[in-house]
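Each chain, written out:
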Amino acid sequence: MDIHKEMVTALERQRIASKVEGNPTAETRIDRINRAISLLQTNSKILCEAMSADFGHRSKHQSRMTDITAAVLPLKHAAKNLRRWMKPEKRSTFPFSLLGARGEIQYQALGVVGVITPWNFPVQLTFSPLAGIFAAGNRIMLKPSEFTPCTSELIQKLIRCRYDEEEIAVFLGGTDVGNIFSSLPFDHLLFTGSTNVAKRIMKAAAENLVPVTLELGGKSPVIIGKNANIKQSARSIMAGKTLNAGQICLAPDYLFIQERDKENFLKASRECITTMYPTLRSNPDYTSVINRNHYERLNSYVKEAKSAGLEVIELNSADEDFNHQSHYRIPPTLIINPTDDLRVMQEEIFGPILPIKTYTDIGESLEYINKHARPLGLYYFGNNKEEREKILRETISGGVTVNDVIMHVTQEELPFGGVGASGMGVYHGYDGFKTFSHGKSVYHQSKLLAKLTRLLNPPYG
Ligand code: NAD
């Protein structure tokens, strides 16, 4: 059978199963979530090994934290809370409520949700969305990334062992398969990936009026402001920039710092990289860039900056040679005051390179940020309430972490998503449950009002 037919058949089977089942009970939803938790916990070792094979090298400790635990926690959160989420939500019908009318929102399963995932956190970004999708009572068709073939194949195999195809069906492949997948008439499509591909996804989904949630990336800025603890800021930023070798949608992409704090920041960054990674080339804690294309793309940013005569600082404590290596590791690299025409300032970096721009007035950084596409994350370091409120008020980003980076994504009670070029719609926790449910408005008329409204019917006058 060709892949298109296979997908159409799987979708039909899931639809029928969903209709027969109706709105699934809380027990059924919890069981589906618990099977995902058990799958992850039982197979964490082989999943981490598969991810490391796909990356060339990826720290197993990091993988446990960023992919296994980061998926298990949202799943547990959903299993614990979904009975409460499923309850109808009362809404005011004032002034009709005075005469006995009632209003409520009832949450219903949508049916079949399509999920397309990227390579950078292949396990987390496949399993954490299941929390909201299963909690809302849906079935799932999944298309993981072709850039992580070992992990994607393993995910398919493990899912087949734990679920019927009517619950989750997994399809492997690259752009061609993705193209076909995104043209299916799902009840909802969750896409996590790049802004460019998202445009194609939305076009394909529009043909069937499939609602989309787009979890994208972009250039998330950092501002180091007044009274910031420079040492602590450097520690958080460099930890965020080197985790997964900076291949994170929310990685701090570029940094604004006051001219007078620059040298302190550079010194502190060097110190914390030396502490975290005394060596890099064979350090098991330091992750490799995913493949040759991305490795060359990142190195070309550095080369371009050097050719432009900019100050480029490699944080390579042991002075190792990265020219001949079995993986694609790149040392953390700082580019000082890059101009806007450089590719490193135009494209999402998605690697361990950090451009640093200096400012004399905070307004310059806000003006720059607001001139560019709306980012997924924004980070402010500082201890000045007025300045912090100004930044929060005058910038628009998917989310913000104050005095750290990335952390807002770890909070299940906070909706996660982008705005503008960084995405559309949110998930996580209750907000994910709502995204993957149909919130149906139900109005209960009162007997008295039913009689009274007859007075409004014709004949008028
Ligand atoms: P990508 O857009 O290249 O690919 C993502 C997925 O889309 C893959 O499964 C791929 O096979 C599929 N795909 C590619 N072309 C397609 C097409 N024409 N039709 C349908 N599907 C297609 O992204 P990537 O390189 O895998 O991931 C990196 C990007 O993802 C970065 O921009 C990053 O910021 C973003 N990202 C966002 C989040 C988030 O939660 N907001 C999380 C991780 C990554």
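The structure under discussion appears in the preceding block.
Fair warning: this is a prediction, and the values are worked out from it, not measured in the lab. The written sequence of each chain sets the order in which its residues are numbered from 1. In view of the model being predicted, local features appear only for residues whose pLDDT reaches at least 70, and side-chain atom pairs are presented and counted only at 80 or more, with totals across whole chains, interfaces and linings using the full set of residues. Each side-chain value is derived from all of the structure's non-hydrogen atoms; neither hydrogens nor water enter the calculation.

Chemist: Tell me about the environment of V212, residues and numbers included.
Modeler: For V212, the location among the structural elements is in strand β7 (residues 212-215). Looking at V212, the relative accessible area reads 13%, which means it is buried. Sequence separation between V212 and F186 is 26 residues, and the spatial gap between their C-alpha atoms is 9.7 Å. Two residues qualify as a contact provided that any one of their heavy atoms is within 4.5 Å of a heavy atom in the partner residue. Residues in contact with V212, not counting those within four places in the same chain, are H188, L189, M202, A205 and M424. Helix and strand definitions follow DSSP, with helices as H or I runs of at least four residues and strands as E runs of at least two, each counted in order from the N terminus. Each residue is assigned to one of three classes by its accessible area relative to the maximum for its type, calculated with a 1.4 Å probe on protein chains only: buried under 20%, partly exposed between the two thresholds, exposed over 50%.

Chemist: Report on a negative patch on the surface, specifying residues and quantitative values.
Modeler: Surface patches are defined over residues having more than 30% relative accessible area and no salt bridge, joining like charges when they lie within 9 Å and nonpolar side chains (Val, Leu, Ile, Met, Phe, Trp, Tyr) when within 5 Å. Only the protein chains shown count as cover for residues, with accessible areas throughout obtained via the Shrake-Rupley method and a probe of 1.4 Å. Just to be clear on terms, a salt bridge is a Lys or Arg side-chain nitrogen sitting within 4 Å of an Asp or Glu carboxyl oxygen. Two residue types count as positive, namely Lys and Arg, and two as negative, namely Asp and Glu; His and chain ends fall outside the count. Throughout, a charge is located at the NZ atom of Lys, the CZ atom of Arg, the CG atom of Asp or the CD atom of Glu. Residues D2, E6, D164 and E165 make up a contiguous surface patch of negative charge. Mapped onto the fold, D164 is located in the loop between α6 (149-162) and β5 (168-170).

Chemist: How would you summarise the pairing of strand β11 (residues 333-336) if you had to cite specific residues and measurements?
Modeler: Residues T333 and I335 line one face of β11 and the alternating positions L334 and I336 line the opposite face, and both faces are buried. Being paired, for any two strands, means DSSP has found at least two bridges between them. Across three bridges, strand β10 (residues 312-314) lies against β11 in antiparallel orientation. Within β11, the residue paired with V312 across the bridge is I335.

Chemist: Tell me what's going on with the sheet that holds strand β4 (residues 139-143), and back it up with residues and numbers.
Modeler: Two strands in a sheet stick together by hydrogen bonds in their backbones, pointing the same way (parallel) or opposite ways (antiparallel). The sheet built from six strands is open, its strands ordered β5-β4-β3-β6-β7-β15 with mixed pairing. Both edges of this open sheet fall to β5 and β15 (423-424), since each of them pairs with a single strand only. In this sheet, β4 lies alongside strand β3 (residues 112-116) in parallel orientation, the contact comprising five bridges. Following the sheet pairing, G114 is matched in β4 by M141. Contacts from α6 reach β4 and β5 within the one sheet, and its direction differs from that of β5 by about 150°. All axes are obtained by fitting lines to C-alpha atoms, using only the stretch in contact for helices, and the reported angles, taken between N-to-C directions, cover 0 to 180 degrees. Where helix α7 (residues 175-182) meets the sheet, its contacts fall on β3, β4 and β6 (188-192), and the angle it forms with β4 comes to roughly 150°.

Chemist: So, the environment of L378: which residues are in play, and what are the values?
Modeler: The residue L378 is located in strand β13 (residues 377-381) in this model. Once the C-alpha coordinates of L378 and K434 are considered, the two residues, 56 residues apart in sequence, prove to be 25 Å apart. If we skip the residues at most four places from it in the chain, L378 touches P221, I369, I391, T395, S397, G399, V400 and T401.

Chemist: Before we move on, can you summarise the packing of helix α2 (residues 26-42) against α6 with the specific residues and values?
Modeler: Direction vectors running N to C along α2 and α6 enclose 130°, while the axes themselves pass 11 Å from each other. Taken together, the axes of α2 and α6 are oblique relative to one another. For the pair α2 and α6, the sense of crossing is right-handed. Contacts from R35, S38, L39 and T42 of α2 reach α6 at L158, I159 and R162. Here the residues of the contact of α2 with α6 are counted per class, giving three nonpolar, two polar and two charged. These descriptions rest on fixed angle ranges, namely under 35 degrees for roughly parallel, over 145 for roughly antiparallel, 65 to 115 for roughly perpendicular, and the rest for oblique. Handedness of a crossing is defined here by the sense of rotation of the near helix relative to the far one, left-handed for an anticlockwise turn of less than a right angle and right-handed for a clockwise turn. Under the scheme applied, nonpolar residues are Ala, Val, Leu, Ile, Met, Phe, Trp, Tyr, Cys and Pro; charged residues are Asp, Glu, Lys and Arg; polar residues are all the others, including Gly.

Chemist: Give a detailed account of the state of the cysteines, specifying residues and quantitative values.
Modeler: Any covalent bond linking the sulfur atoms of two cysteines counts as a disulfide. For this text, the term disulfide refers to a pair of cysteine sulfurs within 2.5 Å. Across all of its chains, the model carries zero disulfides by this definition. Between C48, a free cysteine, and C150, which holds the nearest cysteine sulfur, the sulfur-to-sulfur gap is 13 Å. A residue is classified by how much of its surface remains accessible, and C48, at 1% relative accessible area, is buried. The partly exposed category is assigned to C150, whose relative accessible area is 37%.

Chemist: Residue-level account of the site of the ligand, with values.
Modeler: One heavy atom within 4 Å of a molecule or strand makes the whole residue count as near it. Inspection of the region around the ligand gives 29 residues, with K143, E146, S194, L216 and E348 positioned closest. The separation between a nitrogen atom of the ligand and a polar side-chain atom of R200 is 3.3 Å. In the model, a nitrogen atom of the ligand is placed 2.7 Å from a nitrogen or oxygen of the L216 main chain. For the ligand, whose free accessible area comes to 860 Å², the fraction covered by protein is 93%. Of all the elements in the fold, those that place two or more residues in the shell around the ligand are α7, β6 and α8 (195-206). The dominant element in the shell around the ligand, judged by the number of residues it contributes, is α7, at four residues. Partitioning the shell around the ligand into residue classes produces 13 nonpolar, eleven polar and five charged. These domain boundaries are the output of an automatic or database domain assignment. Built from parts of two domains, the shell around the ligand gets at least three residues from each of domain 1 (3-216 + 424-444) and domain 2 (220-410). What qualifies as a polar contact is a pair of N or O atoms within 3.5 Å, subject to a donor-acceptor requirement within protein and to the restriction that residues adjacent in sequence count only when both atoms come from side chains.

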